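Observations on the model geometry
Each chain is listed here by its residues.
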Amino acid sequence: MPRAILCILDSFGIGGAPDAADYGDAGADTLGHIAANYPISLPNLDAIGLGAAAELSTGHVPRGLTNRPRGGRWGVGREVSKGKDTPSGHWEIAGVPVPFAWGYFPHTEPTFPPDLIAQLIEKAKLPGILGDKHASGTRIIAELGEESIRTGKPICYTSIDSVFQIAAHETHFGLERLYEVCQVAFALTAPLMIGRVIARPFVGESASDFKRTGNRRDFAIPPPAPTLLDRNQAAGHQVFAIGKISDIYAGHGVTHKLKATGNMALFDRTLEAVEMAADGAFIMVNFVDFDQEYGHRRDIAGYAQALEAFDRRLPELIAALRQDDLLVLTADHGNDPSWTGSDHTREQTPILCFSPSVTPGSIGIRTTFADIGESIARWLGLAPGPHGKSFL
C-alpha cells in the first residue's frame, strides 16, 4: 500500500493572496523578496516546480530560480479560511477549512481584558504578570526576562494571530509550572475563540543571553471535524506527527508523536519516520524555523540560508521514497521577512508533489488548501471528504 509524507515549510509564501489587501499585506511575497535580496540557490526545490509555482502565483520567476521543472507536480495553494495563522492553514491543508471567526486581542496596551488577567492570576496563583501587549517573542523576553526571574511573574503577550503566549524561565519559574499556567490560560481563553495558548520557555541569566528552548508547547482548540489525520487513523493506519504537528491538531488522529528542535533535527526525524512507517502510513512534519527564527525576526539572510539547508537535504528524502510513496511540500501561510512588523502575511503557497510513480505537470491554482488533504486521502485510498478536490 502507498504511503504519504507531507512537509509544511512554515510560512513559506509565494506571493500575496487575492484578499491580501484585506490583511494589510498587498505586495507581500516571502520567496520573491528573499530572492530579490539574497543570491539564493534552491536547485532541488526548483527541479520539482518551485520557480514555476512562484511564476504562476505572481507572474514572474524569482531571481535564482527557473520555470522549467524536471519532475513532480507543482501548483499554487489558496486559502479560504479567514486569517493567516497556524491552525487555520494546517486544518485546511488536512481537509477542514475553518468555519468560524477566531478571536483576537486588540492593538491596545494593556491588550488583554482585565477580568481575564485577574482570573489567570487567581486560578494559577501568580504574583502578577508582565507584558500584556502585542510583541515579538524574542524582544519581549529580552525586555522583561530579568524582571520575570526576579519577581516570579510570567510574561504574557500576543500577536496579530489568535494566540495567547506565556514566556517564563525554564528553571527559575519551572517548565512544568509554565505548562500548568498555560493550561489555566487555555481554559480561560477558549470561550473567546482564541486558537492557541503557547508556552514559551527560555533559559539564560540576562537579556544578553536569554534564549528560547525547544520545550515550547501549544495548547490548541481541536479541529471542528475529522481531519486527514483522523481519517487515516480510523482506517487503521499510522499517523506520524513530527514537531509541533500534534499540538496543532490537539493530538487528534496521531498515533506516533516525534519531537525535535531545529529544522535539521526535524529532517532527521522525518527520515526516521519514513524508515519506520508501515503501508498506508501518513507522515506530517512542520519545519518551524522558517517562521519562528527568520520570518518573525525579519531575517532575510537567515531565512534564505535555512531554505538552502533544506534544499541540500531534499535529495535524501526523495531517495528514501518507495515506488508508491508520495511526497508533498507546501506551507500554511506567509511571513515575508522584508515586510513591516513581525507578523504573518496573507499569501498563496507552493504545492510541490513528487513520487516515482507520478507523471510531472502543473496542477494550477487550487482554490482551497483542502485540495492537498483530499489528494493525499485519495493516494492513501481513503474515502473522499466534504471539502476539497484531489489533483492526483
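Just above sits the structure.
A few points on the structure. Everything numeric here is computed off the predicted structure, so don't read it as measured data.

**Some remarks on helix 1 (residues 30-37)**
- Looking only at helix 1, the buried set comprises Thr-30, Leu-31, Gly-32, Ile-34 and Ala-35.
- Elements that come into contact with the buried residues of helix 1 comprise helix 3 (50-58) and helix 12 (300-319).

**Quick notes on the environment of Val-288**
- The residue Val-288 is located in the loop between strand 11 (282-287) and helix 11 (289-295) in this model.
- Sequence separation between Val-288 and Ala-319 is 31 residues, and the spatial gap between their C-alpha atoms is 23 Å.
- Once residues lying within four places of it in the same chain are set aside, the contact partners of Val-288 are Asp-10, Arg-216, Lys-244, Asn-263, Leu-266 and Glu-293.

**Considerations on the sheet that holds strand 11**
- The sheet built from eight strands is open, its strands ordered 10-9-11-1-12-13-2-14 with mixed pairing. Two strands close off the open sheet at either side, each with one partner strand: strand 10 (256-258) and strand 14 (361-366). Geometrically, the sheet is characterised by an average inter-axis angle of 15 degrees between neighbouring strands, direction not taken into account.
- Alignment of strand 2 (residues 73-77) against strand 14, held across five bridges, turns out to be parallel. What sits directly across from Trp-74, in strand 14, is Ser-362.

**A word on the environment of Gly-27**
- Assignment of secondary structure puts Gly-27 in the loop between strand 1 (3-9) and helix 1.
- Separated by 31 residues in sequence, Gly-27 and Thr-58 place their C-alpha atoms 9.7 Å apart.

**Focus: the environment of Pro-384**
- Take Pro-384: it is sitting in the segment after helix 13 (370-379).
- The spacing of Pro-384 and Arg-231 is 153 residues in sequence and 9.9 Å in space, taken between C-alpha atoms.
- If sequence neighbours within four positions are ignored, Pro-384 has contacts with Arg-231 and Glu-374.

**Regarding the packing of helix 1 against helix 12**
- At a minimum axis separation of 10 Å, helix 1 and helix 12 run at an interaxial angle of 105 degrees. Viewed along their axes, helix 1 and helix 12 adopt a mutual orientation that is roughly perpendicular. Of the residues in helix 12, those touching helix 1 at Thr-30, Ile-34 and Asn-37 are Ile-300, Tyr-303, Ala-304 and Leu-307.
- Of the residues in the contact of helix 1 with helix 12, the class split is five nonpolar, two polar and no charged.

About the criteria used
Residues numbered from 1 in each chain as written. Predicted model: local features only at pLDDT ≥ 70, side-chain atom pairs only at ≥ 80, totals over all residues. Heavy atoms only, no water. Buried < 20%, exposed > 50% of the residue type's maximum accessible area, 1.4 Å probe, protein only. Helix = DSSP H or I, 4+ residues; strand = E, 2+ residues; numbered from the N terminus. Contact = heavy atoms within 4.5 Å. Pairing = 2+ DSSP bridges. Axes fitted to C-alpha atoms, helices over the stretch in contact; angles between N-to-C directions. Parallel < 35°, antiparallel > 145°, perpendicular 65-115°, else oblique. Nonpolar A, V, L, I, M, F, W, Y, C, P; charged D, E, K, R; others polar.

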